[in-house]
Amino acid sequence: MNQAIQILDGATYVARLECLKIEGFYQGQLITCYIAGGDEKTLLAFYSDHQFDIEERLESLIEQQSFDEDGSIKLNVEQII
């Protein structure tokens, strides 16, 4: 685990984007990740079942600086498991 990256516990469903929003910090910067691939109930259950897999994937992507143009990370459920 990279101590410079801290993924915050919990996820929020963003209805207008139809995805989960997960946040973390990297070098003092707030990083937002969006995960798509289902409805609210499905995505929240996915987060609950795969929280640690999600966090490991996000840490890897943050270390690689795989950010979108807006500075966020966007994933689909299939990219995590």
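What you see is a predicted model, and the numbers here were worked out from it, not measured in a lab. Each residue is numbered by its place in its chain's sequence as written, counting from 1. In keeping with the predicted nature of the model, local features appear solely for residues at pLDDT of at least 70, side-chain atom pairs appear and are counted solely at 80 or more, and the whole-chain, interface and lining totals rest on all residues. Excluded from the side-chain calculation are hydrogens and water; included are all heavy atoms of the structure.

Here we take up the overall build of the protein. Within the protein, the secondary structure is distributed over one helix and five strands. In this description a helix means any DSSP run of H or I spanning at least four residues, a strand means any run of E spanning at least two, and both kinds are numbered starting from the N terminus. Reading the helices (α) and strands (β) of the protein from amino to carboxyl end gives β-β-β-β-α-β. With C-alpha atoms as the basis for the radius of gyration, the globule rule is written as 2.2 Å multiplied by the number of residues raised to the power 0.38. Rg of the C-alpha trace for the protein: 12 Å, near the compact-globule value of 12 Å for 81 residues, within the 12% margin. Along the longest, intermediate and shortest principal axes, the C-alpha atoms of the protein span 30 × 25 × 20 Å. The rule is simple: take the accessible area with a 1.4 Å probe, protein chains only, and divide by the maximum for that residue type; under 20% is buried, over 50% is exposed, in between is partly exposed. Counting over 81 residues, the protein shows a buried share of 36%.

Side-chain alternation along strand S5 (residues 73-76) places Ile73 and Leu75 on a buried face and Lys74 and Asn76 on a face that remains uncovered. Here a crossover is taken to be right-handed if, once the strands point away from the viewer, the path from the first strand over the helix to the second is traced clockwise. Regarding the hand of the β-α-β motif, the stretch spanning strand S4 (residues 29-36), helix H1 (residues 40-63) and S5 is left-handed.

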